[in-house]
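# Remarks on the overall topology
The residues making up each chain are set out below.
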Amino acid sequence: MLFLLHPANRHEAKIFDQIMNELRRRRIARMGDTVIMDKGFYAYRNYLSGINEYRVVPLIFPRSNFNIQRLSGMLSYPLSIFSSKNLDEEKRRFKALKAKLLNLLQRWETFKGVRSVIEDVFKLAKSFGLRRLHRYTRRSVFKFATLNVLLVGVVVALGFREKKVLQRLAEM
C-alpha cells in the first residue's frame with residue numbers, strides 16, 4: 001500500500017515521476033505491470049516516461065482531446081536500450097509494452113468499473129475522517145492519514161470488497 005502527502009493544489013500530472021519512483025522502490029510496480037491512473041495524470045510525457053523509464057504500462061484515462069496516433073508516433077526506443085547487452089530482448093520488451101498500452105487505450109472505458117470501486121474506497125477513507133484533515137504539522141497529517149489508510153486496508157482485507165458493501169460502509 002502506498003500513499004504520498006503533497007501540498008494542496010498540486011497537479012497530479014506533475015507528481016507522476018515521484019509516484020512511479022516510490023512504486024518501483026517499494027517493489028509494488030514491477031517491469032511489465034499495468035498501472036491504472038485517472039485523468040488527472042493525463043500527459044503524453046507520462047505515457048512515455050512510464051514505458052521508457054519505468055518499463056510499466058501506464059493506463060492513464062485519456063481526455064477528450066487525446067490522439068492515439070500522436071502517442072504512437074511519440075513512442076520510440078529510448079536511447080538507453082542501445083547500450084544494453086541484449087538489444088534484441090530490450091526491443092522486444094519495448095514493443096510488447098507499447099502494443100499493450102495502445103491496446104488498453106483503445107478500450108480504456110472497460111476499466112471504468114475498476115475506477116468506480118477505487119472511488120468507493122476513497123469515499124470510505126473520507127468517511128473514516130479524511131474529510132476533517134485539518135492539522136497543523138506535516139507529522140500529524142502523516143499520522144492521521146496513515147491511520148485512515150490502515151483502517152481502510154483492514155476493512156478491505158476483512159472481505160468488504162464489493163461495490164455495494166463499500167458504499168454502505170461509506171454512508172454509515
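Residues numbered from 1 in each chain as written. Predicted model: local features only at pLDDT ≥ 70, side-chain atom pairs only at ≥ 80, totals over all residues. Heavy atoms only, no water.

## Topic: the pattern of salt bridges
This is how it is decided: Note on definitions: salt bridges are taken to be side-chain nitrogens of Lys or Arg within 4 Å of carboxyl oxygens of Asp or Glu. Helix numbering and strand numbering both begin at the N terminus, where a helix is a DSSP run of H or I of at least 4 residues and a strand a DSSP run of E of at least 2. In this scheme, a residue with accessible area under 20% of its type's maximum is buried, one over 50% is exposed, and one in between is partly exposed, where area comes from a 1.4 Å probe on protein chains only.
Counting across every chain of the model gives eight salt bridges. Across the pair Arg-93 and Glu-90 runs a salt bridge, and its minimum N-O distance is 3.2 Å. Of this pair, Arg-93 and Glu-90 both sit in helix α4 (residues 87-106), three residues apart, which is roughly one turn of that helix. Since its relative accessible area comes to 23%, Arg-93 is described here as partly exposed.

## Points about the packing of helix α5 (residues 112-127) against helix α7 (residues 163-171)
Relative orientation and spacing of two packed helices are given, respectively, by the angle between their axes and the distance between those axes. Selection rule: Angles run from 0 to 180 degrees between N-to-C directions of axes, and those axes are lines fitted to C-alpha atoms, restricted for helices to the stretch in contact. Roughly parallel means an angle under 35 degrees; roughly antiparallel means over 145; roughly perpendicular covers 65 to 115; every other angle is labelled oblique. Helix crossings get a hand from a simple test, with the near helix turned counterclockwise from the far one by less than a right angle marking a left-handed crossing and a clockwise turn marking a right-handed one. Should any heavy atoms of two residues lie within 4.5 Å, those residues are counted as being in contact. Residues are grouped as follows: Ala, Val, Leu, Ile, Met, Phe, Trp, Tyr, Cys and Pro are nonpolar; Asp, Glu, Lys and Arg are charged; every other residue, Gly included, is polar.
Running from N to C, α5 and α7 cross one another at 20°; their axes reach a closest spacing of 8 Å. Accordingly, the angle class assigned to the pair α5 and α7 is roughly parallel. Pair α5 / α7 crosses with left-handed handedness. Residue-level inspection shows Ser-116, Val-117, Asp-120, Val-121, Lys-123, Leu-124 and Ser-127 of α5 in contact with α7, the latter providing Lys-163, Leu-166, Gln-167, Leu-169 and Ala-170. Here the residues of the contact of α5 with α7 are counted per class, giving six nonpolar, three polar and three charged.

## Quick word on the packing of α5 against helix α6 (residues 138-157)
Remark: α5 packs on α6, axes separated minimally by 9 Å, with the N-to-C direction vectors making an angle of 125°. The pairing of α5 with α6 is recorded here as oblique in orientation. Seen from above, α5 lies across α6 with right-handed handedness. Packed against α5, whose contacting residues are Val-121, Leu-124 and Ala-125, the element α6 presents Asn-148, Val-152 and Val-155 at the interface. Partitioning the contact of α5 with α6 into residue classes produces five nonpolar, one polar and no charged.

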